[in-house]
Amino acid sequence: MLVVTLLLTSCTAANDAADAVARDRAKTVVNGIVSDRFPGVNSAPITDCIIDAASAGEIISIASATVTGVDQSTVNQVLEIAQRPEAVNCIAENSITLLGI
């Protein structure tokens with residue numbers, strides 16, 4: 001039983017590490033897209049909102065653009081995620097915070 005527990009713990013740690021790498025790479029892609037679309041805006045909070053609204057599959061798809069390159073389909077995917085209610089609300093809340101309101 002101890003061996004099974006250790007194996008499951010190892011798998012969970014590996015999955016968490018893979019998720020963190022994928023999210024980090026996806027953030028790099030999203031940050032670049034947001035910066036290109038909205039120059040001069042602090043893109044980090046917007047990027048976080050988009051990543052948080054994305055599914056695991058979408059994060060992996062976006063992260064793959066760090067290898068294959070960002071194309072129009074990647075941009076469209078990011079913009080579609082950014083229009084979801086949870087992303088819009090998060091971006092609005094962060095914008096208010098950034099403005100000091």
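What comes next concerns the included structure. Given the structure is predicted, the values throughout are model-derived calculations rather than measurements. (Residues numbered from 1 in each chain as written. Predicted model: local features only at pLDDT ≥ 70, side-chain atom pairs only at ≥ 80, totals over all residues. Heavy atoms only, no water.)

**Some details on the side chain of Arg-84**
At step 1: Structurally, Arg-84 is set in the loop between α5 (72-82) and α6 (85-99).
At step 2: A distance of 2.9 Å separates polar atoms of two side chains, one belonging to Arg-84 and the other to Glu-80.
At step 3: Among all residues touching Arg-84, those that are not within four sequence positions of it are Ala-53, Ala-54, Ser-55 and Glu-58. (Helix = DSSP H or I, 4+ residues; strand = E, 2+ residues; numbered from the N terminus. Polar contact = N/O pair within 3.5 Å; in protein donor to acceptor, adjacent residues only side chain to side chain. Contact = heavy atoms within 4.5 Å.)

**Section: the state of the cysteines**
At step 1: Per the counting criterion, the structure on display carries one disulfide.
At step 2: One disulfide in the model links Cys-49 with Cys-90; its S-S distance is 2.0 Å. Of note, the bridge from Cys-49 to Cys-90 carries an S-S torsion of about -70° and is left-handed in sense. Separated by 41 residues along the polypeptide, Cys-49 in helix α2 (residues 43-53) and Cys-90 in helix α6 bring together distant segments of the chain.
At step 3: Given a relative accessible area of 2%, Cys-49 falls into the buried group.
At step 4: You can call Cys-90 partly exposed: its relative accessible area is 22%. (Disulfide = S-S within 2.5 Å. Buried < 20%, exposed > 50% of the residue type's maximum accessible area, 1.4 Å probe, protein only.)

**Brief notes about the pattern of salt bridges**
At step 1: Scanning the entire structure with this criterion turns up four salt bridges.
At step 2: Among the ionic pairs, Arg-84 bridges to Glu-80, the shortest N-O distance being 2.9 Å.
At step 3: For Glu-80, a relative accessible area of 41% puts it in the partly exposed group.
At step 4: If you follow the salt bridges from partner to partner, you end up with Glu-58, Glu-80 and Arg-84 in one network. (Salt bridge = Lys/Arg side-chain N within 4 Å of Asp/Glu carboxyl O.)

**Considerations on the nonpolar core**
At step 1: Counting residues in hydrophobic clusters, the biggest one holds 22 residues, and the most contacted among them are Ala-26, Val-30, Ile-50, Ile-59, Ile-62, Val-78 and Ile-81.
At step 2: Going through the elements one at a time, α1 (2-37), α2, α3 (56-63), α5 and α6 are the ones with two or more residues in this core.
At step 3: Of all the elements, α1 adds the most residues to this core, at six residues.
At step 4: In this structure, Val-78 is in contact with Val-30, Ile-33, Ile-50 and Ile-62, ignoring residues within four places of it in sequence. (Core = buried A, V, L, I, M, F, W, Y, C linked by side-chain atoms within 4.5 Å.)

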